[in-house]
Amino acid sequence: MQNAARQYRSSVRVEFNGQAANARSVVALMGLGVAEDDDVAVLAQGEDAAAAAAAVIAALQTRTESGHGAPAPLASASARSLPAGWIGGICAAPGLAIGQVVRLDAFEPQVAEFAVNADSERDQLNRALTEVSAGIAAAIDDALRRGQTSQSDIFSAHLALVDDPELRGAAERDIAAGHSAGYAFRQAVRAQCRVLSSLGSPLLAERVADLKDIERQVLKALLGDAQSEPELYPASILVAEDLAPSELTRLPRERVAGILSAAGGATGHVAILARALGIPALVACGPQVLRLDAGSEVLLDASQGSCDPAPAAASLAAARQAMAERERRRADMRADADGAAVTLDGVRVEVAANIANEEDAREAVRHGADSVGLLRTEFLFIDRRDAPDRYEQANAYQAVLDELQGRVAIIRTLDVGGDKEVPYLTLPPEPNPALGLRGIRTGFAHPEMLDEQLRALLMLRPLSLLRILVPMIADVGELRRLRRRIDSLAEEMGLSERPQLGVMVEVPSAALLADQLAAEADFLSIGTNDLTQYTLAMDRCNASLAASLDAMHPALLRLIERTVAGASLHGKWVGVCGALASDPLATPVLIGLGVAELSVSPGLVPEIKARVRALDQQACLKRVEQLLRLDSAAEVRAQAAEWWPEA
Ligand code: PEP
Ligand code: MG
């Protein structure tokens, strides 16, 4: 409605209950506390007063949906019964942690209260508001392009708050009174939050969260990243609604002991990062996690899917002992990590690492990885304004190859679309992005970008150590098309040698057609994260489905079995690079299904190698037959835990 008023020059006021509000200000209007079917007066003054009043009245009479598409309340994903007051969630990265709660959702940066130069403070506030507006406007464009209307509605509401004349006016008055820009803006927002909270309307009280979000964004623009970071304890348990990968990577690793998030899923990118960094993480915990007191000491047992918010001294002592014991075992495993992983009956299993960059490559080597089983190249493409050219890409990939000191690197072509967005690709609006343009389909839709990446890959030396992996292949036609493209680019570049080419099996059709794919591919690598989401028809980003999204489901195991059978018809090997490979409980299951390579988070290489060495492949083969006939992932897990208990 404030948009209706802003299109006219006249000033328009809305009066209710003896109070008046500027119709251009969403916060002032909300502060009136008007409910559906209440009578209000509209007063307009100025050259186009009649039209302005009519537009505002029309907007007032338009029934809106309650809220603006705020996400559905999160349910805790844990189905197990836990002691009263405990928090349950989905294990995104295993392990035990003791630490103090750092509430990223409620973190408040420090601002100076007073300032000497009001003009400079006003300029700084204007610059910050412009910067935040531009960021939100870009997010709206992006959401609209992708057909994500509920997100674009939320961002539009935020944009109206940033542009709000009452908020700005209140902040400017406070600046004139000698306060700093940050302090003044925070005061203006807080005053408005108090009004909204006092009106007794749950709907308006919900908008307080929107206002606080704007406050955070504006303060960040004013203070810069460094000062708007929370202070960490020596062992911090980060608590957030959801965590962006960038939030996790910019915090000092040695101070982050664990992660608890209300939303999220076990195969999201934060989960992947947490596993890579070896940080125990529990996701999809539901809103109760946001009620933990900042600074309180909690005991997180991510492997068990629980967090004790007020651990007794005895529990803490037991956990400390278990952590020390585990650290000792890990040290032993690390000492043995460089050797090959060979089962008791003499079958060698390649234990590779999933990485994203040169630094991860170093970590992989340090942890004894035999090779790199998946280099996700998206990380080079996201969070920037345009795509990296072939030289930048080739430099980054070559740096990885050099770090690997003679080990093979499987590099995946760009997998964007779906949950991985890049702003410079104008992807069409999609009602179902996970089922739309993503993976190799995006590559074929943007051939210039795909070619640039293929050229970069073909520039690497030695080519014999490079294997190219293609994401989201649905059938052999796509594989042929890509191979032709590689051949013709290699010819243009005067190359006689070709790198090996592998297919990611992450769409059920690829698993079902594995024999056809293996006839033309050099190897297959199963992406269990996507294969699970597409087989079970469950969005991998949906927190409320996280508990059911389990790659140990018998349907997945049957698809893996079929993939291996199809590949062996042509003498090709099959690896697993999805999160299932990093789960020690799944190691015997995958070996029993005939998987030859496990590509895992770098930090888990020693543990998975140790696990392989304790298994007999023939025994695994026999037992897995029985797992395929079970009814659910839970039954598979229970049976696997009984047959192959983890040390
Ligand atoms: C997968 O889908 O299992 C996979 C490894 O790819 P990503 O998680 O990057 O989609
Ligand atoms: Mg995938």
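All figures in this text were calculated on a predicted structure; none of them were measured in a lab.

A. Geometry of the packing of aromatic side chains. Considering all chains together, one arrives at 2 aromatic pairs under this definition. Centroid distance F523 to W573: 4.8 Å. Interplanar angle 5°. Geometry classified as stacked. One end of the pair, F523, is in strand β18 (residues 523–526); the other, W573, is in strand β19 (residues 573–576), with 50 residues separating them in the sequence. Among the residues examined, F523 registers a relative accessible area of 1% and is labelled buried. Ring plane angle 80° and centroid distance 5.5 Å describe the contact between W643 and W644, whose orientation is recorded as edge-to-face. When its relative accessible area of 18% is taken as the criterion, W643 is described as buried. The lysine or arginine in question, R481, covers the ring of F444, its NZ or CZ lying 3.9 Å from the ring centre. Stacked on the ring of W644, the Lys or Arg R623 has its end atom at 5.9 Å from the ring centre.

B. Expanded view of the nonpolar core. Grouped together as the largest cluster of nonpolar side chains are 103 residues, with contacts concentrated most on L482, L524, M552, I560, V589, L590 and L598. Residue contacts for L524: discarding those within four places in its chain leaves V503, V505, A514, L517, A518, T563, A567, W573, V574 and G575. Core analysis: the next-biggest nonpolar cluster, separate from the first, contains 31 residues, L125, Y183, A184 and C193 among them.

C. Layout of the sheet that holds strand β8 (residues 256–261). With respect to topology, 8 strands assemble into an open sheet ordered β4-β11-β10-β6-β7-β8-β9-β5, the strand pairing being mixed. On the outer flanks of this sheet lie β4 (87–88) and β5 (90–93), each paired with one strand and no other. Of the pairings in the sheet, the one linking strand β6 (residues 96–103) to strand β10 (residues 297–301) comprises 5 bridges and is antiparallel in character. Residue pairing across strands places A97 opposite L300, the latter belonging to β10.

D. Structural detail: the coordination of the magnesium ion (ligand 2). Bound to the magnesium ion (ligand 2) are the protein donor atoms E506 (OE) and D530 (OD), situated 2.0 to 2.2 Å from the metal. With a gap of 24 residues between them, E506 in the loop between β17 (500–505) and α18 (508–512) and D530 in helix α20 (residues 528–536) connect regions that are remote in the sequence. As far as burial versus exposure is concerned, E506 and D530 are alike and both buried.

E. Expanded view of the side chain of S236. Mapped onto the fold, S236 is located in strand β7 (residues 236–240). Ignoring anything within four residues of it in the chain, the contact list for S236 reads Q100, V102, R255, V256, A257 and G258.

F. Just the confidence of the model for the protein chain, in detail. Of the residues in the protein chain, 91% have a pLDDT of 70 or more, and the chain-wide mean is 89. Counted against residues more than four places away or in other chains, residues 65–79, with its pLDDT under 50, gives 32 contacts.

G. Looking closely at α20. With 8 of 9 residues buried, α20 lies mostly within the body of the structure. Just beyond α20, the residue with positive phi is A537, at close to 55°.

H. Expanded view of the pairing of β6. By the criterion of burial, β6 is predominantly enclosed, with 6 of the 8 residues buried. Here β6 pairs with β7 via 4 bridges, running parallel. Considered in β7, the bridge of V102 is made with L238.

I. Structural context of the sheet that holds strand β1 (residues 11–16). Read from one edge to the other, the open sheet built from 3 strands follows the order β2-β1-β3, with strand pairing classed as antiparallel. Each edge of the open sheet is held by one strand with a lone partner, namely β2 (19–22) and β3 (41–45). The mean angle between the axes of side-by-side strands here comes to 25°, regardless of whether they run parallel or antiparallel. Judged from the 5 bridges that link them, β1 and β3 form a sheet pairing that is antiparallel. Paired with R13 across the strands is L43, a residue of β3. Sheet strands in contact with helix α3 (residues 49–61) are β1 and β3, and its direction is about 150° off that of β3.

J. The site of ligand 1, seen in detail. If you check the shell around ligand 1, you find 14 residues, and the closest are R376, R412, G527, N529 and R540. Between ligand 1 and R376 there is a distance of 2.8 Å, counted from an oxygen atom to a side-chain nitrogen or oxygen. Protein chains bury 100% of the 290 Å² of accessible surface belonging to ligand 1 in isolation. Elements that contribute at least two residues to the shell around ligand 1 include exactly β14 (372–376) and α20. Tallying contributions element by element places α20 first for the shell around ligand 1, with 3 residues. Per-class residue counts for the shell around ligand 1 are 3 nonpolar, 4 polar and 7 charged.

About the criteria used
Residues numbered from 1 in each chain as written. Chains lettered and ligands numbered in written order. Predicted model: local features only at pLDDT ≥ 70, side-chain atom pairs only at ≥ 80, totals over all residues. Heavy atoms only, no water. Phe/Tyr/Trp six-rings, centres within 6.5 Å; stacked < 30°, edge-to-face > 60°. Helix = DSSP H or I, 4+ residues; strand = E, 2+ residues; numbered from the N terminus. Buried < 20%, exposed > 50% of the residue type's maximum accessible area, 1.4 Å probe, protein only. Lys NZ or Arg CZ within 6 Å of the ring centre and 35° of its normal. Core = buried A, V, L, I, M, F, W, Y, C linked by side-chain atoms within 4.5 Å. Contact = heavy atoms within 4.5 Å. Pairing = 2+ DSSP bridges. Donors = N, O, S within 2.8 Å, 3.2 Å for Na, K, Ca; no water. pLDDT = per-residue confidence, 0-100. Axes fitted to C-alpha atoms, helices over the stretch in contact; angles between N-to-C directions. Near = heavy atom within 4 Å. Polar contact = N/O pair within 3.5 Å; in protein donor to acceptor, adjacent residues only side chain to side chain. Areas by Shrake-Rupley, 256 points an atom, 1.4 Å probe, with all protein chains shown as cover. Nonpolar A, V, L, I, M, F, W, Y, C, P; charged D, E, K, R; others polar.

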